[in-house]
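# A closer look at the structure
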Amino acid sequence: MTVGSSQKILSPEEIAVRAGEQLSFLHLPEPGVFADRALRLRALADGHAMGDFLRFVAELADAQHRALSAKVAVPLPTRDDIDAAARAGAPLLPAETWPRAPIWRDSLRALLTDLARRLPDGLAKAAALQLAAASDEDLETQAGRLLSGVMLGLDLASAPLIAAGLQLHFTRLVRQTFAEHADAPVPPFGRTDDPTLCPCCGSHPVASVERLGAEGARYLACGLCATQWHYVRIKCTHCQSTKGISLQSLVAADGASTTTGAVVQAECCSECVHYLKLMHPARDNGVEPVADDLASLTLDLLVGEAGLHPHGVNLLLLLGEPDEAPPPGREH
């Protein structure tokens with residue numbers, strides 16, 4: 001009788017971590033990220049109660065795509081900046097504190113003018129033209145409030161338009177930074193001390209996605225720069241607990257549960273009473289995190305009625321009152 005060598009039995013958590021080490025940690029935004037978003041928004045708009053809004057955001061995403069395709073250079077971080085961020089375990093381009101070069105305002109105004117040309121006369125077109133004529137000070141004030149999660153004094157009517165300009169700027173910034181420093185001894189973007197926030201810009205995710213071709217691995221999707229980063233499954237994206245995790249889905253009109261086939265679910269944590277949506281491209285390969293988050297607002301409302309708070313942030317549709325303090329988890 002022989003005795004085999006002893007082997008450590010790994011816990012589910014350790015298995016998930018080791019699997020994550022074999023996967024690509026980061027997926028940076030692709031050149032067509034905004035075009036894909038626009039396509040998905042139009043598909044979701046058909047027959048949707050928020051169809052007009054989704055089609056408006058699709059026009060906005062198309063304008064972002066045209067702007068991103070233009071050759072616009074932005075000031076980039078240096079290798080000293082990269083080294084300092086790596087030593088601190090912090091994102092290289094923290095959205096709240098990274099100096100916004102004036103070019104972001106120029107790009108926003110160009111985006112808004114382009115958008116207005118394609119909109120019919122009405123409130124949306126007027127809002128775009130009015131914001132394009134706003135002062136530099138007003139744009140910076142609103143952008144600062146938006147990025148810091150401060151609702152007090154935030155103009156909710158113009159917030160989605162300012163958010164579109166910031167998304168364009170930070171997506172461009174991330175892409176150009178990686179291209180400039182791809183061969184640096186220390187990569188510009190990597191793991192940080194807080195895995196619940198974007199490792200590039202430090203923003204909250206808009207949702208999490210099971211990426212196709214990654215063996216069901218879960219990635220968090222940044223609501224600002226569109227970067228996706230690997231995060232362990234069945235683990236709260238707010239408090240990082242592995243206890244008290246449940247998935248909630250909408251119920252069909254006939255009363256049948258759609259849990260097993262739902263494209264979008266809410267991953268809820270009873271430990272910290274927060275949730276983040278989980279999306280399944282294997283059930284619908286057209287899934288786009290920002291678009292599908294907007295189109296599943298009903299799920300937010302129902303989970304919110306149960307007392308849970310969102311960890312995710314969709315800058316194109318902020319929930320709350322303009323005189324509210326930041327939601328739980330976004331205090332500064």
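Computed from a predicted model, the values in this text were never measured in an experiment.

### Structural notes on the packing of helix α5 (residues 103–117) against helix α7 (residues 136–148)
- As a packed pair, α5 and α7 sit with axes 11 Å apart at the nearest point and diverge in direction by 95°. If you check the angle between α5 and α7, you find them roughly perpendicular. Residues W104, R105, L108 and R109 of α5 form the contact with α7, whose participating residues are D136, L139, E140 and A143.
- Taken together, the residues that form the contact of α5 with α7 break down as 4 nonpolar, no polar and 4 charged.

### Looking at the confidence of the model for the protein
- Taken as a whole, the protein shows an average pLDDT of 88; of its residues, 86% reach a score of 70 or greater.
- Averaged pLDDT values for the elements of the protein fall to 46 in helix α1 (residues 12–21) and rise to 98 in helix α2 (residues 33–45).
- Within the model, pLDDT remains below 50 along residues 1–20, and this stretch shows 12 contacts once partners closer than five positions in the same chain are excluded.
- Per-residue pLDDT stays below 50 along residues 322–332; that stretch engages in 24 contacts with residues further than four places along the chain or on separate chains.

### Quick word on the packing of α2 against helix α3 (residues 51–69)
- Two elements in contact, α2 and α3, have axes separated by 8 Å at closest approach and are oriented at 165°. In terms of axis orientation, α2 runs roughly antiparallel to α3. The handedness of the crossing between α2 and α3 is left-handed. When α2 is examined against α3, the residues V33, F34, A35, R37, A38, L41, R42, L44 and A45 are found in contact with a partner set consisting of G51, L54, R55, V57, A58, E59, A61, D62, Q64, H65 and L68.
- When the residues that make up the contact of α2 with α3 are grouped by side-chain class, the tally is 12 nonpolar, 3 polar and 5 charged.

### Concerning the pattern of salt bridges
- Tallying each qualifying case throughout the model produces 19 salt bridges.
- For D284, the salt bridge goes to R40, with nearest N and O atoms at 3.2 Å. Of the two residues, D284 is situated in the loop between β7 (274–279) and α9 (289–295) and R40 in helix α2; the sequence distance between them amounts to 244 residues.
- For R79, the salt bridge goes to D183, with nearest N and O atoms at 3.3 Å. You can see R79 sitting in helix α4 (residues 79–88) and its partner D183 sitting in the loop between α8 (159–181) and β2 (205–210), a full 104 residues away along the chain.
- Given a relative accessible area of 39%, R79 falls into the partly exposed group.
- By relative accessible area, D183 is classed as exposed at 62%.
- Here the residues in one salt-bridge network are R100, R105, R109, D136 and E140, joined through shared partners.

### A short note on the packing of aromatic side chains
- Under the counting rule described, the total for this entry stands at 0 aromatic pairs.
- Directly above the aromatic system of Y219 lies the positively charged group of R211, at a separation of 5.7 Å from the ring centroid.

### Points about empty space enclosed by the protein
- Taken as a whole and judged by the stated rule, the model has 1 cavity of 30 Å³ or more.
- Lining of the largest cavity is provided by C236, T237, H238, E267, H274, Y275, L276 and H311.
- If you tally residues by element for the lining of the largest cavity, the top one is β7, at 3 residues.
- Classifying every residue of the lining of the largest cavity gives 3 nonpolar, 4 polar and 1 charged.

So, how was this worked out
Residues numbered from 1 in each chain as written. Predicted model: local features only at pLDDT ≥ 70, side-chain atom pairs only at ≥ 80, totals over all residues. Heavy atoms only, no water. Axes fitted to C-alpha atoms, helices over the stretch in contact; angles between N-to-C directions. Helix = DSSP H or I, 4+ residues; strand = E, 2+ residues; numbered from the N terminus. Parallel < 35°, antiparallel > 145°, perpendicular 65-115°, else oblique. Contact = heavy atoms within 4.5 Å. Nonpolar A, V, L, I, M, F, W, Y, C, P; charged D, E, K, R; others polar. pLDDT = per-residue confidence, 0-100. Left-handed = near helix turned anticlockwise from the far one by under 90°. Salt bridge = Lys/Arg side-chain N within 4 Å of Asp/Glu carboxyl O. Buried < 20%, exposed > 50% of the residue type's maximum accessible area, 1.4 Å probe, protein only. Phe/Tyr/Trp six-rings, centres within 6.5 Å; stacked < 30°, edge-to-face > 60°. Lys NZ or Arg CZ within 6 Å of the ring centre and 35° of its normal. 1 Å grid on protein atoms, 1.4 Å probe; cavity = no way out; pocket = protein on both sides within 12 Å on 5 of 7 lines; lining within 4 Å. Points joined across faces, edges and corners; volume = space filled by probe spheres on them.

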